[in-house]
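Coordinate analysis (summary)
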Amino acid sequence: MTHALQAVRGMNDILPDTAEIWEQFEDLVRDWLRSYGYRPIRMPLVEPTPLFKRAIGEVTDIVEKEMYSFEDALNGEHLTLRPEGTASCVRAVIQHSLLHGAPQRLYYHGPMFRHERPQKGRYRQFHQIGVESLGFDGPDIDAEHILMCTRLWDDLGLTDIRLELNSLGSSEERAAHRCALVAYLDAHRDQLDEDGRRRLHTNPLRVLDTKNPLLQPIMEAAPRLSDYLGDESWAHFEGVQQILKDAGIPYRINHRLVRGLDYYNRTVFEWVTDRLGAQGTVCAGGRYDGLIAQLGGKPAPAAGFAMGVERLLALWQESGGEAVRPAPDVYLVNAGIEAGRLAFRAAEALRSHGFSVLQHCGGGSFKSQMKRADGSGAPFAVIIGDDEAAVGEVSIKPLRGGGEQRRVAVDALAETLAELLYLTEEREA
Ligand code: ATP
Ligand code: MG
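Residues numbered from 1 in each chain as written. Chains lettered and ligands numbered in written order. Predicted model: local features only at pLDDT ≥ 70, side-chain atom pairs only at ≥ 80, totals over all residues. Heavy atoms only, no water.

This brings us to the overall build of the protein. Helices and strands together make up the secondary structure of the protein, namely 16 helices and 16 strands. Over its C-alpha atoms the protein spans a radius of gyration of 28 Å, topping by over 25% the 22 Å that the globule rule assigns to 429 residues. Its C-alpha atoms give the protein principal-axis dimensions of about 90 × 60 × 45 Å. The proportion of buried residues among the 429 residues of the protein is 49%. Of the contacts made within the protein by residues no fewer than 6 positions apart, 69% connect residues no fewer than 24 positions apart. Of the roughly 22000 Å² of accessible surface on the protein, a fraction of 51% belongs to carbon and sulfur atoms. When the 48 basic and 62 acidic side-chain charges of the protein are each reduced to a single mean position, those positions are 3 Å apart. (Helix = DSSP H or I, 4+ residues; strand = E, 2+ residues; numbered from the N terminus. Rg over C-alpha atoms; globule rule 2.2 N^0.38 Å. Buried < 20%, exposed > 50% of the residue type's maximum accessible area, 1.4 Å probe, protein only. Contact = heavy atoms within 4.5 Å. Areas by Shrake-Rupley, 256 points an atom, 1.4 Å probe, with all protein chains shown as cover. Lys, Arg positive; Asp, Glu negative; His and termini not counted. Charge placed at Lys NZ, Arg CZ, Asp CG, Glu CD.)

What follows is the structure, encoded as structure tokens:
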């Protein structure tokens, strides 16, 4: 016997019970995005590798060790499975001149790929919902993003989730801070770990972000970026905070929040929960004013954020959020050749009237079919046997809450069912 093949490690099948929850979540998210005027955009899963190197930065975890990159065997092109959506979205916006004229509020969702060590809340194929606002320079759009998130957590009934906020300033301010930071870290060189020493000169901000507990005291005392922010950066940061205060949104300023991607400036934020263990960041984002120009577009400011769908759904379930299993309105039982033919006519007629119908296929006894009907969760079974078929009639049997079985002409089926469903809903309300 041959081995049954397995999915790639860290890449998950999402089976029907879970996929139904995903779809309900996606419906809710789509309504939420529309209510803020965001429009969908869909980008390819594969992009030229240089896009991510340029956008995310050569000395980042993602580009250094997490990308699924390969050479196209047919033409030698260097390609990468997208590890995130911002770079692709900005590439698409530039390529199609979407920013000529008005600014854009965009969103996308779908799988992202990172070669990380799989564990709870960390996968090699995972899903993000990303939001990007391009062409806006004020603090109002940064605040809108945060307010949006708050509303979504509310819609989902999530409570244990907190906001961390920081400002990374401008690239000049970061450069001045960087000089001071490199000097400081160099003075503590002996105490750093290997990663820290390696990144000291290439990406010192990331050294600050280390998770190594032994290094925390050194990092706490390091020069703070906030001491290097100029007036404009402060005004922007305070503008964001003012709107958050007006809206009554609590937040904590975390001076060491720097984000793992190089393109951010000014506002950065993360939404964090303690309920998911080590993988507690469910949403992260910020401003990236330099990225559009860096990728060859006409300079324009921009900001965005991305949510980790797996982590959010885990938190949703953790918080008691439960999806209602969608059931059909009708399970259509049919036994016999004539009955089978009438069943197709009846089922299609019902669907034309807007009912969802699960038609029994594959034959079998009435008894076994009725078992399936019960299991389907449908409130009604419509039953067709050959004697019903001979006179163009069907039987309707309520499956929940009692009620009489009745026989009606197939042409009156939709109307009768509509009345019965209405009565059932009235009773349940
Ligand atoms: P982390 O610090 O957890 O690695 P990150 O800073 O690399 O996160 P981002 O690139 O900002 O993550 O992606 C935004 C969100 O996508 C994260 O906050 C998280 O919810 C989710 N995410 C990122 N990587 C993964 C992954 N490998 N598996 C599942 N979700 C992920
Ligand atoms: Mg990461």
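Now that the structure is up, let's keep going.
Moving on, we get to helix α14 (residues 366-376). Along α14, the residues classified as buried are Gln-369, Met-370, Ala-373 and Ser-376. Viewed end-on, α14 has its buried residues packed into an arc of 115°, placing them on one side of the element. Seen from the open side of α14, the exposed residues pointing more than 90 degrees away from its buried face are Lys-367, Lys-371 and Gly-375. Gly-377 lies just past α14 and shows a positive phi near 85°. (Arc of directions from axis to C-beta.)

Once that is clear, we can look at the packing of aromatic side chains. One pass over the full model with this rule turns up six aromatic pairs. Between Trp-234 and Phe-237, the aromatic rings sit 6.2 Å apart at their centres with planes inclined by 40°, giving tilted as the arrangement. Taken as a pair, Trp-234 and Phe-237 lie in helix α10 (residues 231-246) at a separation of three residues, close to a single helical turn. Under the relative-accessibility criterion, Trp-234 is labelled partly exposed at 29%. Among the aromatic residues, those joined into a ring-pair cluster are Tyr-263, Tyr-264 and Tyr-288. (Phe/Tyr/Trp six-rings, centres within 6.5 Å; stacked < 30°, edge-to-face > 60°.)

All right, on to the packing of helix α1 (residues 16-34) against helix α5 (residues 139-156) then. Taken N-terminus to C-terminus, the directions of α1 and α5 make an angle of 140°; their axes are 11 Å apart at the nearest point. The element α1 and its partner α5 pack so that their crossing is right-handed. Contacts between α1 and α5 involve Phe-25, Leu-28, Val-29, Trp-32 and Leu-33 from the first element and Met-148, Cys-149, Arg-151, Leu-152, Asp-155 and Leu-156 from the second. For the contact of α1 with α5, the class distribution of residues is nine nonpolar, no polar and two charged. (Axes fitted to C-alpha atoms, helices over the stretch in contact; angles between N-to-C directions. Left-handed = near helix turned anticlockwise from the far one by under 90°. Nonpolar A, V, L, I, M, F, W, Y, C, P; charged D, E, K, R; others polar.)

The subject of this paragraph is the site of ligand 1. In the vicinity of ligand 1, 16 residues are found, and the nearest of them are Arg-114, Glu-116, Arg-122, Arg-259 and Thr-281. Residue Gly-308 places a main-chain N or O atom 3.4 Å away from an oxygen atom belonging to ligand 1. Computed on the free molecule, ligand 1 has an accessible area of 590 Å², of which 89% lies beneath the protein chains in the complex. Among the secondary structure elements, those contributing two or more residues to the shell around ligand 1 are β6 (125-134), β10 (281-287) and β11 (302-308). (Near = heavy atom within 4 Å. Polar contact = N/O pair within 3.5 Å; in protein donor to acceptor, adjacent residues only side chain to side chain.)

Another aspect to go through is the nonpolar core. Counting 47 residues, the largest nonpolar core has Leu-134, Leu-185 and Met-219 as its most contacted members. No other element matches helix α4 (residues 86-95), which puts five residues into this core. Beyond its immediate chain neighbours, meaning those up to four positions away, Leu-185 contacts Leu-192, Leu-200, Pro-204, Val-207 and Met-219. In this structure, Phe-25, Ile-129, Leu-156 and Leu-163 belong to the second largest nonpolar core, which totals 39 residues. (Core = buried A, V, L, I, M, F, W, Y, C linked by side-chain atoms within 4.5 Å.)

Before going further, it helps to spend a moment on unusual backbone geometry. We note that Ser-97 has phi near 50°; this positive angle belongs to a residue other than glycine. As for its position among the elements, Ser-97 is in the loop between α4 and β5 (104-113). Note on Ser-97: relative accessible area 37%, which makes it partly exposed. Notably, Arg-266 is not glycine yet its phi reads approximately 45°, a positive angle. Tracing the chain through its elements places Arg-266 in strand β9 (residues 265-272).

The next subject is the pairing of strand β12 (residues 330-335). Counting buried residues along β12, five of its six residues qualify, which places the element largely inside the surrounding structure. When β12 meets strand β13 (residues 357-359), the two strands line up parallel, connected through three bridges. Note on β13: the bridge partner recorded for Val-330 is Val-357. For the handedness criterion, the β-α-β arrangement of β12, helix α13 (residues 337-352) and β13 is classed as right-handed. Sheet topology note: the β12/strand β14 (residues 380-385) ladder contains six bridges and is parallel. Of the residues in β14, the one forming a bridge with Asn-334 is Ile-384. (Pairing = 2+ DSSP bridges. Right-handed = clockwise from strand over helix to strand, strands pointing away.)

What the domain assignment lists for the protein is domain 1 (16-169 + 229-318) and domain 2 (330-419). Each of domain 1 and domain 2 was reduced to a C-alpha centroid, and the two centroids are 48 Å apart. (Domains from an automatic or database assignment.)

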